[in-house]
Amino acid sequence: MINFLLIFLLISTQVLGDIWLSRGMKVFGEITSFHPDALGQLVGYLFTSPWIGLGVVTLTISMLIYLVSLTRLDMSFVLPMHAFSYVLNALMAWLILKEPVSLARWLAAIFISLGVFIVGWSKRIDDRKAQLQQDADPNIKSSWMLLLPLSFYLPKMWLGVLVLVLADCTADILVARGVKKIGKFSARSLTSILQWLKSVFVNPGVLIGVASYTVSFLMFISLLSWADISLVRPATGLGYIINLCGAHFILKEHISSGRLAGIIVIGWGVGIISLTG
């Protein structure tokens, strides 16, 4: 139960943070120049906008919840479940930001939801199989060779998405590896929580990951000035392909057939977004 509560809080804070940032960037307008003067105006706005500030605080909370989630669950499970935030993003963008959400985007949201359901259901099946295998032979292991090619033409928006995805995936893998080395979060007091956070943020991998998240965040801000949140956030789901390979080959996580199928369905939803964007 605690694991799904963490996922719920992770999704909720991610969606709210995205909505506040999107609202703030709609007030600022489109970023059309990266000249130092224009960047100075942008930085000044980012530090004074209440919507941007609220979004950053909310996403910081989401990041902390994400770190705790990685100590309890595989990254290849947490991130696909996190994809349900794309569906809520579309809904909240429609209700709060009054963004027009096309039929194709709702169809993509349905695919993503279905993929999340498959991943969640496969987790239950995987847990049961793991228990049965452990009872029968604790040395039994399995492996997947994964190859999910993807290519598309890159206009400005999609070039930005590619930069964001690469920075985000690098951060996800480095942070996940660093947190797993630290161990499971089990703090019960403020002192123990602070000690755990200290051990997290002195880990070199986590520090490099945070730097990559910063690049990803700045690119995300730029994308929000170019397109609606209901398009931008699902488009970043392209990173699941990279994260899936990273989870298997770098973090040595087992990718079950059910989890792989769910991620592929999520990829279909992202594909629909990309073709209609």
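The annotation that UniProt attaches to the protein under Subcellular location (unreviewed entry) is "Cell membrane".

Engineer: How would you explain the UniProt feature "transmembrane region" (unreviewed entry) in the protein if you had to name every residue and give the values?
Structural biologist: According to UniProt, the "transmembrane region" (unreviewed entry) feature falls on residues 51-70, 77-97, 103-122, 143-167, 206-224, 231-251 and 257-276. For the annotated span residues 206-224, helix accounts for 100% and strand for 0% of the residues, and the straight-line distance between the end C-alpha atoms is 26 Å.

Engineer: An account of helix 7 (residues 156-182) is needed here, citing residue identities and associated values.
Structural biologist: Taking 1.5 Å per residue, 27 residues should reach 39 Å; helix 7 reaches 39 Å between its end C-alpha atoms and fits that length. Directly beyond the C-terminal end of helix 7, a positive phi value near 115° is found at Gly183.

Engineer: Just give me the short version of the environment of Asn203, but keep the residues and values in it.
Structural biologist: Looking at the secondary structure, you find Asn203 in the loop between helix 8 (190-201) and helix 9 (204-226). Taking relative accessible area as the criterion, Asn203 reaches 16% and is therefore assigned buried. Only 3.0 Å separates the side chain of Asn203 from the backbone nitrogen of Gly205, close enough to count as a polar contact.

Engineer: Tell me what's going on with the confidence of the model for the protein, and back it up with residues and numbers.
Structural biologist: Residues of the protein with pLDDT of at least 70 account for 84%, and the chain-wide mean is 80. The model gives residues 138-154 a pLDDT under 50, and that stretch makes 28 contacts with residues more than four places away or in other chains.

Engineer: Kindly report on the pattern of salt bridges, identifying the contributing residues and their values.
Structural biologist: Here the structure, examined in full by the defined rule, presents three salt bridges. With a closest N to O distance of 3.9 Å, Glu253 and Lys180 form a salt bridge. Linking Glu253 in the loop between helix 11 (239-249) and helix 12 (257-276) with Lys180 in helix 7, this pair joins segments that are 73 residues apart in sequence. We classify Glu253 as buried; its relative accessible area is 5%. Given a relative accessible area of 33%, Lys180 falls into the partly exposed group. Each of Lys26, Glu99 and Asp228 takes part in a single network of salt bridges with overlapping partners.

Engineer: Account for helix 2 (residues 36-48), with residues named and values stated.
Structural biologist: Taking 1.5 Å per residue, 13 residues should reach 18 Å; helix 2 reaches 18 Å between its end C-alpha atoms and fits that length. The set of residues buried in helix 2 consists of Leu42, Tyr45 and Leu46. Each buried residue of helix 2 sits inside an arc of 100° when the element is viewed along its axis, so together they form one side. What points out from helix 2, more than 90 degrees from its buried face, is the exposed set Pro36, Asp37, Gln41, Phe47 and Thr48.

Engineer: Could you give me a rundown of the packing of aromatic side chains, with the residues and numbers involved?
Structural biologist: Under the counting rule described, the total for this entry stands at three aromatic pairs. The ring centre of Trp51 lies 4.7 Å from the NZ or CZ of Arg23, which sits over that ring.

Scoring rules and cut-offs
Numbering of residues begins from 1 in every chain and follows the order in which that chain's sequence is written. Totals for whole chains, interfaces and linings use every residue, but because this is a predicted model, local features are given only for residues with pLDDT of at least 70 and side-chain atom pairs only at 80 or more, for both listing and counting. By convention in this description, side-chain values take in all heavy atoms of the structure and omit both hydrogens and water. UniProt positions are given in the numbering used here, feature names are shortened, and annotations may be inferred rather than shown by experiment. In this text, helices come from DSSP runs of H or I with a minimum length of four residues, and strands from runs of E with a minimum of two, each type numbered from the N-terminal end. Multiplying one less than the number of residues by 1.5 Å gives the expected span of a helix. To sort residues, take the accessible area from a 1.4 Å probe on protein chains only and compare it with the maximum for the residue type: under 20% means buried, over 50% means exposed, and anything in between is partly exposed. Contacts described as polar in this section are N or O atom pairs within 3.5 Å, which, within protein, must combine one atom able to donate a hydrogen with one able to accept it, while residues neighboring in sequence count only if both atoms come from side chains. pLDDT measures the predictor's confidence residue by residue and takes values from 0 up to 100. Residue contacts are counted whenever heavy atoms from the two residues lie within 4.5 Å of one another. What makes a salt bridge here is a side-chain nitrogen of Lys or Arg within 4 Å of a carboxyl oxygen of Asp or Glu, nothing more. Arc, as used here, means the arc of the directions from the helix axis to the C-beta atoms. Centres within 6.5 Å are what make two rings of Phe, Tyr or Trp a pair, Trp counting through its six-membered ring; a difference in plane orientation under 30 degrees is then read as stacked, over 60 as edge-to-face, and the rest as tilted. Comment: the charge-over-ring label is applied if NZ (Lys) or CZ (Arg) is within 6 Å of the ring centre and within 35 degrees of the ring normal.

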